[in-house]
Amino acid sequence: MMLHIVILAAILTGAQCFQLNMTQFYEMPPLYDLDDYDRCLQEFEGQSSTYCFVRAEVQPDVSVAAWRAIAEISQYDRHHFDHKQLYFGLCLRECEASLAGLDNSELEALQAGLLTENAKVNVYLDLFSMETTNRQRHQRLTNACLNWRLQRRGFGVQAKSVVEYCDQAGHQLEDDAWNLIFYGILGVLLVLACLGSLVDLHLKRGRHDKMLKERDHYKTPPKSTAQQVLLTFSVARNWYRLNQEPSGKIGRELRFLDCFKFFAMFMVIFAHTNWVIYESAISNPQDPERLLHTAAGTLLVSGSLITVTFFVISGLLLTINWLAVSRTIQSKEDTWSFGQYAQLFVKFNIFRYIRLTIPYAFVLLMSGVYFENAGGPLWRHIFEREQLACRRNWWTNLLYINNFVRTDERCLLQGWYLAADTHSFVLSLILLMLGHRFAKWSKQLYAGILALFVAVPAVLTYAMDYYPIFIPSPQTQKDSFIGDRQFTEFYTSSLMNFGCYFCGVLAALVYDQLALKQYKLRELKSFQLLWFTLIPVGILWLFSAHPIFQHYYVAPSAIWGALYAGLQRNIWGFGLGIFIVGMASKVGWIFRKFACLPIFRILGRLTYGAFIVHLLVARIVLATVREPIYFGTGMMFAFIFFTMTMSYLCSFLLAIFLELPVSSFLKLMR
């Protein structure tokens, strides 16, 4: 333990430090310059007022101090924003008034040109294709206006620009087919919930055995199939299902997983809320930039390992379900035909697809619903962009190919995980069936697969020249990961994550064998020592990327970088697998007792809903900013906890009215 701490201290001390020159920093123009949105559109009633959101890119000019500062500071692209990318919210009435005193030659001198060569900006322009007329109409005025402001404030630089969108006073949105479909489905769900609840109440009051407890009523299904289907929508019955204790020995031993899922979800919401904050307007970008140069910055970057937790748990649960089903069939038949394997494969995938996709599709539908701009200048940039992407590319999400198809126009960006998890589910199920069919060779098969998918990330990193770790840089997050090869090909790829998923499969197989042999792992002191050692080792492993991330001037060795890329996620997944097996074997003392608290039973079951809805909540919250916000610890956690609370509240409603009814209906079909 002490050796690890000494090594960590040496690494952190050895990594090069960076001091941001604040005098130079303030020579640059601010990233955001937003006019008063409400005043622009409301001050002159009955008159046409227009407010345009404009993207600008500062043009190189080494003779100007502002450009030299931009070039110097922006070169540290892993830690800093790209300060030549500027964002303007312009009230055209104010622009016209400020330029009214200039003659034609002065106005022409302010024209720096149309911004056309920025591929990331072009993605936004393509999504907002309905704004083509506004771009053509207001291009020259907005470009002259923002360059006049840059000159007047003494920055001495000029910028090319393009209008992303414009808002006009008095503009009204009309409901279209997408909106009407959403309202119709929402209405049907409410009607079914009311009918199911009323029927449930009628059956409860009409029961003859008054000695039955209330929970016994919810455990007992009615005899009529129609009533059984209708009662899947009963609010009271779904609340009972949400809160019921796990059944069976395995359910009780693994109930701590609900705690794991909840805290992993908290870390996901923490990271994603910060990403949406970066995507919005920040008044003090220097503070998050400086933070990323510290050990805390390394911890934030390495926090992407938290996603591995979900892959491991998913692989574990798949394998446990497979073992239960296969043993049930094995007790009836000694040998299986190919048709039986195929039938089980199709059944597993169909039931999983329906269970996950129906709530997912509802959130996708909700994400594309148009409603009035409730936010301000950034509402369309942050929120409507997502709406447009969902309306255009919803099918990629429902086919679970959104982690490699149309990746620059993602709808519900977090859906990449569901795509990678689906691919891993299918492949793991095939491997489990092969291991079952060729039982004598199963150990060699599983060992070979694990070794292969530890090697695959390393080989791909070396061959494709990926950076050894995924770095969500400030500008990458501000651009919503558009055009980021490292995110699309390295971080979200199914191939790069399958090793972690398979660690969960192996953990379940080990847990199963321990249970069959009734091996008391908790009585083995050496394993207890190993289990408790995993906690500090896991924390230290989060800092293992520090020398790579904080080494600014020299690129890491291609071979060593590839080796680290192959090990970083897979070692975390393997260690987590050991950790889960130990806790399932009742190792962990107070940690296990805490993880098994009843409150996590509900929170853990709401995690899936919170996962698919939390970015929608974060976007709604942060798209309402009307001026740059101060990025501080208090503000950050205020947004995080609000997003967390609202996400779980939305997940609760989604579970009661849709997710649990679907799950109950699937049980009736089995």
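This one's a predicted model, so the numbers in the text were calculated from it and none came from an experiment.

Our focus in this paragraph is the overall build of the protein. Helix and strand counts for the protein stand at 31 helices and 4 strands. Dimensions of the protein, computed from the C-alpha atoms along their principal axes, are close to 90 × 65 × 45 Å. Here the protein holds 670 residues, and the buried ones make up 54% of them. For the protein, the share of sequence-separated contacts (at least 6 apart) that also reach a separation of at least 24 residues comes to 82%. Carbon and sulfur atoms form 64% of the exposed surface of the protein, whose accessible area is close to 30,700 Å². A gap of 17 Å separates the mean positions of the 59 positive and 51 negative side-chain charges of the protein.

All right, on to a positive patch on the surface then. Together, R252, R255, K520, R522 and K586 make up a region of like positive charge exposed at the surface. Relative to the helices and strands, R522 is located in the loop between α24 (494-516) and α25 (525-542). R522 sits in the partly exposed class, given a relative accessible area of 33%.

Once that is clear, we can look at the state of the cysteines. By definition, a disulfide links the sulfur atoms of two cysteine residues through a covalent bond. Scanning all chains against the criterion turns up 4 disulfides. Sulfur-sulfur distance for the disulfide between C95 and C145 comes to 2.2 Å. Its torsion about the S-S bond being -75°, the disulfide of C95 and C145 is classed as left-handed. Placement of C95 in helix α5 (residues 92-99) and of C145 in helix α8 (residues 132-152) is noted, with a sequence separation of 50 residues between them. Through a disulfide, C390 is tied to C411; the S-S separation comes to 1.9 Å.

Turning our eyes to something else, we now look at the sheet that holds strand β1 (residues 32-34). Across the sheet, which stays open at both edges, the 4 strands sit in the order β1-β3-β2-β4 with mixed pairing between neighbours. Of all the strands in the sheet, just β1 and β4 (159-168) have a single pairing partner and so form its edges. Direction aside, neighbouring strands of the sheet carry axes that sit 15° apart on average. Relative to strand β3 (residues 85-91), β1 runs parallel, the two sharing 3 bridges. Following the sheet pairing, Y32 is matched in β3 by Y87. Contacting β2 (50-58) and β4, helix α7 (residues 119-127) runs over the sheet at an angle of about 25° to β4.

Scoring rules and cut-offs
Residues numbered from 1 in each chain as written. Predicted model: local features only at pLDDT ≥ 70, side-chain atom pairs only at ≥ 80, totals over all residues. Heavy atoms only, no water. Helix = DSSP H or I, 4+ residues; strand = E, 2+ residues; numbered from the N terminus. Buried < 20%, exposed > 50% of the residue type's maximum accessible area, 1.4 Å probe, protein only. Contact = heavy atoms within 4.5 Å. Areas by Shrake-Rupley, 256 points an atom, 1.4 Å probe, with all protein chains shown as cover. Lys, Arg positive; Asp, Glu negative; His and termini not counted. Charge placed at Lys NZ, Arg CZ, Asp CG, Glu CD. Patch = residues over 30% accessible without salt bridge, like charges linked within 9 Å, V, L, I, M, F, W, Y side chains within 5 Å. Salt bridge = Lys/Arg side-chain N within 4 Å of Asp/Glu carboxyl O. Disulfide = S-S within 2.5 Å. Pairing = 2+ DSSP bridges. Axes fitted to C-alpha atoms, helices over the stretch in contact; angles between N-to-C directions.

These values are about where atoms sit, not about what they do.
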